[in-house]
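Per-entry structural report
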Amino acid sequence: MISRRKVIKSAAAAFAATPLLSMPFVARAQTAGRVVIVGGGFGGATAAKYIKRRNPDIAVTLVEASPRFYTCPFSNLYLGGLRDFDSIGHSFDELTDTYGVELITEWAEGVDGDAHTLTLASGETLGYDKLLLSPGIDMRWDGIEGYDEAAAELAPHAWKAGPQTELLRSQLEAMDDGGLFILSAPADPFRCPPGPYERVSLIANYFKESKPSSKILILDSKDAFSKQGLFQAGWQELYGDMIEWVSLSNDGRVIRVDAENLEVETEFGEIHRADVLNVIPPQKAGFIAEAAGVTNEGGWVPINPETFESQQVSDIYVVGDATIAAPMPKSGFSANAQGKVAASAIVAALTGEEAPAPSWANTCYSLIGPEYGISVAGVYRVENGEIISVEGSGGVSPAEADAEFRAAEARYAVGWYDAITQDIWGSQPA
Amino acid sequence: MAILDGRDPIAQGVVLDLPLISENGAVVPLGISIDRPMAEDEYVQAIHVFAPANPFPHIASFRYPNARSTPRLETRVRLNESQPVVVLAELSSGAVLVGESEVRVTVSGCLTMSDTYDTESVFQTRVRVEPGAPTSVLTLINHPQETGLRTNAQGEIIPKRLIEKLEARIGDELVFEADLHRSISANPYLRFYIQPDAPGTLDLVWTEDTGETAEFSQDVA
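Residues numbered from 1 in each chain as written. Chains lettered and ligands numbered in written order. Predicted model: local features only at pLDDT ≥ 70, side-chain atom pairs only at ≥ 80, totals over all residues. Heavy atoms only, no water.

1. Regarding the overall build of chain B
A count of helices and strands for chain B gives zero helices and 15 strands. Radius of gyration (C-alpha) of chain B: 18 Å, near the 17 Å computed for a compact globule of 221 residues. Seen through its principal axes, chain B has C-alpha atoms that stretch 55 × 40 × 30 Å. Residue burial in chain B is summarised as follows: out of 221 residues, 53% are buried. A sequence separation of at least 24 residues applies to 63% of the contacts in chain B between residues at least 6 apart. Summed over all atoms, the accessible surface of chain B reaches about 9800 Å², with 48% contributed by carbon and sulfur. Computing the positive centroid from 17 side-chain charges and the negative centroid from 32, chain B places the two 3 Å apart. (Helix = DSSP H or I, 4+ residues; strand = E, 2+ residues; numbered from the N terminus. Rg over C-alpha atoms; globule rule 2.2 N^0.38 Å. Buried < 20%, exposed > 50% of the residue type's maximum accessible area, 1.4 Å probe, protein only. Contact = heavy atoms within 4.5 Å. Areas by Shrake-Rupley, 256 points an atom, 1.4 Å probe, with all protein chains shown as cover. Lys, Arg positive; Asp, Glu negative; His and termini not counted. Charge placed at Lys NZ, Arg CZ, Asp CG, Glu CD.)

And the structure:
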């Protein structure tokens, strides 16, 4: 445990950074413990809110580098021209103003698990009783030859919503009719298993309306993908032969990228040239997880599934895409559910109670067209210390369904997005 | 075990490259290399791979008939459930090395499966030879590698149909041989290494359990 003096000192320093937001809560007697959260996305913002909801006397500080959080879910709608970029951005106003979460808009740089301190980019140090990391993913820049951060400025990954997403959209807009869009999809595990396939769907929708002679090629490092049968049937129905999928076994794995020339080379030596090139590289847990010493040799974070506390460093909890939570997918919905479980576990630990037994649900909606939605759902619980899919629960959209059914699922997808962003950030529907 | 023939394996020098967790047990990438100081004239003669919890545990055996072997491989295997993958390496001296690595198999909550081979072009091969010391030979054959344990939509057993063997020759000399069993993934994929001592023609032959074959030839330096 850290000394009270240290807590007070670092808290005071943090208040100095954001005096207006924090002032109303300074007077409150916060004696129930201090939680620092890194990352204001689906996992971190959820945990911040739900800790405060369960026990307002716990001091919660959220460290997030961006003043607004842009979601990967629904960024494919932006890429397809169905939404503006602003509509997938969310502020932290509800967390600070309604729930009294202290916000620090800065990068977190280091963690000392023994000393229970987090260091910010400014050099400032925050003490914690419990640290929760929701760091998302980082790209493995050594994963594909030639694909580094500079290459991503020419051939964007757009796998973190932000400037990369806007870059890819501007390239799609600038592309001539008749062009070729290539997407390179990674092997498992990666963020948002159905995401690459929803992305090509909504870009196909944009091409169909604006650039109908254009083609889409998916070069995949997998032999199978999420909701594959539904996606492929939907592509055929809506876009004819515009989209071609090349599997791992058909030499779909990209091993080299020449971003300058928008060329990729597959493992058996085929060269493909794109007009717009989207490379989604292999991934790992966001860097602060590695800095905290909670990642394993595979680059992801082993957690205790009952609480989402790190298996490697005590008092550090990790949620979301960075964790090894399979069979739960790396999705925003999963991160949200895990954030609630971790929040309960942290509140229980700080107040000396036992953490409740968790269970989680996840639904991945995907849009194949603006009025053509599909989904896969799962329910999960812990058995023998491992997360398992509850037998007989969940399921996928039927293979045979009429247009009304697909349209209804597309509406549910929008309803899901509106509901979860309201749950997490208090956002109102766009 | 027959391979051991009474010998005690040494738990040393077998390096396995396997994911800690696989979200698709039908295609688990497996890399094997042997990293151990060898005596003069000592070399790896064979590498055997097992998945003890699979219905048919023997995944494959790889043989190097001569001393110019580079015991390094990449393939893709089927794992029925979470288990260790066990690899034995037989040396020309008679010593046997053993190594194992545990893989946790989950089925991703967002994954649904379908057949992964192209029914139109069974036996179509892909080969990439990259000269060097050693020369890398990357191979794939489009094939269901049907286990005989699977049923179709009508509930009928799909008959066993396997690529059983891949042989590599330079000229008339056998330089590498692979025995492939039911736990090799559909579209058998194999990277192996050769060290030709003189320019010649590399001939590859895949043999199915029906006796049908596929062939590939390329000159190598």
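2. Some thoughts on the overall build of chain A
A count of helical and extended segments in chain A gives 12 helices and 25 strands. The C-alpha radius of gyration computed for chain A amounts to 22 Å, which stays within 12% of the reference 22 Å derived for 430 residues, consistent with globular compactness. C-alpha atoms of chain A, sized along the principal axes, occupy 65 × 45 × 40 Å. The proportion of buried residues among the 430 residues of chain A is 60%. Considering only contacts in chain A between residues 6 or more positions apart, those separated by 24 or more positions represent 66%. Carbon and sulfur atoms provide 49% of the accessible area of chain A, an area that totals close to 16400 Å².

3. Quick notes on the domain arrangement of chain A
When the parts come together, some accessible area is lost, and that loss is often what is quoted as the size of the interface. Residues and elements named next belong to chain A. Domain annotation for chain A reports domain 1 (4–138 + 283–424) and domain 2 (141–279). On the side of domain 2, 32 residues touch domain 1, which itself brings 36 residues to the contact. Roughly 2900 Å² of surface becomes buried between domain 1 and domain 2 when both sides are summed, with 63% attributable to carbon and sulfur atoms. Ranking the residues of domain 1 by area buried against domain 2 places Asn-76, Leu-79 and Ile-368 at the top, with a combined share of 24%. One salt bridge connects Arg-191 with Asp-321, and the closest N-O pair in it is separated by 2.5 Å. Scanning the region where domain 1 abuts domain 2 turns up 14 residue pairs in polar contact (both at pLDDT 80 or more). Residue contributions to the side of domain 1 that touches domain 2 peak at six residues, all from strand 22 (residues 359–369). By residue class, the composition of the side of domain 1 that touches domain 2 is 21 nonpolar, 11 polar and four charged. (Domains from an automatic or database assignment. Buried area = accessible area lost by both parts, 1.4 Å probe. Salt bridge = Lys/Arg side-chain N within 4 Å of Asp/Glu carboxyl O. Polar contact = N/O pair within 3.5 Å; in protein donor to acceptor, adjacent residues only side chain to side chain. Nonpolar A, V, L, I, M, F, W, Y, C, P; charged D, E, K, R; others polar.)

4. A word on the packing of aromatic side chains
One pair of aromatic rings is described through two measures. These are the centre distance and the angle between the planes. All names here are of chain A. Applying the stated criterion across every chain, the model contains 21 aromatic pairs over all chains. Residues Phe-42 and Phe-69 carry aromatic rings whose centres are separated by 6.4 Å and whose planes lie at 85° to one another, so their mutual orientation is edge-to-face. Separated by 27 residues along the polypeptide, Phe-42 in helix 3 (residues 42–54) and Phe-69 in strand 3 (residues 68–70) bring together distant segments of the chain. For Phe-42, a relative accessible area of 7% corresponds to the buried category. (Phe/Tyr/Trp six-rings, centres within 6.5 Å; stacked < 30°, edge-to-face > 60°.)

5. Quick look at the sheet that holds strand 6 (residues 72–77) of chain B
All names here are of chain B. The strand order 1-3-6-13-10-9 describes an open sheet built from six strands, whose pairing is antiparallel. Strands with a single pairing partner mark the edges of an open sheet, and in this sheet they are strand 1 (14–17) and strand 9 (125–130). Taken over all neighbouring pairs, the strand axes of this sheet differ in orientation by 15° on average, direction set aside. Pairing analysis gives six bridges linking strand 3 (residues 28–34) to strand 6, with the strands arranged antiparallel. (Pairing = 2+ DSSP bridges. Axes fitted to C-alpha atoms, helices over the stretch in contact; angles between N-to-C directions.)

6. Some details on the side chain of Thr-295 of chain A
Residue and element names in this part refer to chain A. Examined against the element boundaries, Thr-295 turns out to sit in the loop between helix 10 (287–291) and strand 19 (303–304). Using a relative accessible area of 16% as the deciding quantity, one classes Thr-295 as buried. Setting aside chain neighbours within four positions, we find Thr-295 in contact with Ala-285, Ala-289, Glu-290, Trp-300, Val-301, Pro-302 and Gln-312.

7. Focus on the pattern of salt bridges
Applying the stated criterion across every chain, the model contains 29 salt bridges over all chains. The salt bridge involving Lys-49 of chain A is made with Glu-94 of chain A; its shortest N-O contact spans 3.0 Å. Remark: Glu-94 of chain A occurs in helix 5 (residues 93–98) and Lys-49 of chain A occurs in helix 3; sequence separation between them is 45 residues. Beyond isolated ion pairs, a larger network of salt bridges with shared partners links Arg-63, Lys-165, Glu-177 and Asp-179 of chain B.

8. Some words on the packing of helix 11 (residues 332–350) of chain A against helix 12 (residues 403–425) of chain A
Residue and element names in this part refer to chain A. Running from amino to carboxyl end, helix 11 crosses helix 12 at an angle of 30°, the nearest separation of the two axes being 12 Å. The element helix 11 and its partner helix 12 pack so that their crossing is left-handed. In this structure, helix 11 uses Gly-332, Phe-333, Asn-336 and Lys-340 to contact helix 12, whose residues at the interface are Trp-416, Ile-420, Asp-423 and Ile-424. Along the lines of polarity and charge, the residues of the contact of helix 11 with helix 12 split into four nonpolar, two polar and two charged. (Left-handed = near helix turned anticlockwise from the far one by under 90°.)

9. Focus: the sheet that holds strand 17 (residues 276–279) of chain A
Residues and elements named next belong to chain A. Taken together, four strands build an open sheet; the order of strands is 13-12-11-17 and the sheet is parallel. The open sheet terminates on both sides in strands that have one partner only, identified here as strand 13 (243–246) and strand 17. Going across the sheet, the axis of each strand differs from the next one's by a mean of 15°, ignoring polarity. The pairing of strand 11 (residues 180–185) with strand 12 (residues 215–220) spans six bridges and is classified as parallel. The residue of strand 12 that forms the bridge with Leu-180 is Lys-215. Packing of helix 9 (residues 228–239) onto the sheet brings it into contact with strand 12 and strand 13, and relative to strand 13 it is tilted by some 150°.

10. Points about the interface of chain A and chain B
Across the boundary between the two partners, chain A contributes 35 residues, which contact 25 residues of chain B. When the two sides are added together, the surface that chain A and chain B hide from each other amounts to roughly 2400 Å², 53% of it contributed by carbon and sulfur. Between Arg-128 of chain B and Glu-265 of chain A there is a salt bridge, with the nearest N and O atoms lying 2.3 Å from each other. Across the contact surface, chain A and chain B share nine residue pairs in polar contact (both at pLDDT 80 or more). Elements represented by at least two residues in the side of chain A that touches chain B include exactly strand 15 (263–266), strand 22, strand 23 (372–383) and strand 24 (386–389) of chain A. Residues that form the side of chain A that touches chain B fall into these classes: 17 nonpolar, nine polar and nine charged.

11. A word on the UniProt feature "domain: Sulphur oxidation protein SoxZ" (unreviewed entry) in chain B
Mapped onto the present numbering, the UniProt feature "domain: Sulphur oxidation protein SoxZ" (unreviewed entry) falls at residues 129–215 of chain B. The annotated region residues 129–215 of chain B carries 0% helix and 49% strand content, and the separation between its end C-alpha atoms amounts to 15 Å. (UniProt positions renumbered as here; feature names shortened; annotations may be inferred.)

12. Details of unusual backbone geometry
All names here are of chain A. Following Asp-188, the chain continues to Pro-189 via a peptide bond in cis, the omega torsion being -5°. Here Pro-189 is to be found in the loop between strand 11 and helix 8 (195–210). Residues Ala-326 and Pro-327 are joined by a peptide bond in cis, for which omega reads 15°. Position of Pro-327 relative to the elements: it lies in the loop between strand 21 (316–318) and helix 11. Residues other than glycine seldom take positive phi values, yet Ala-158 does so here, at roughly 50°. You can see Ala-158 is positioned in the loop between helix 6 (149–152) and helix 7 (163–174).

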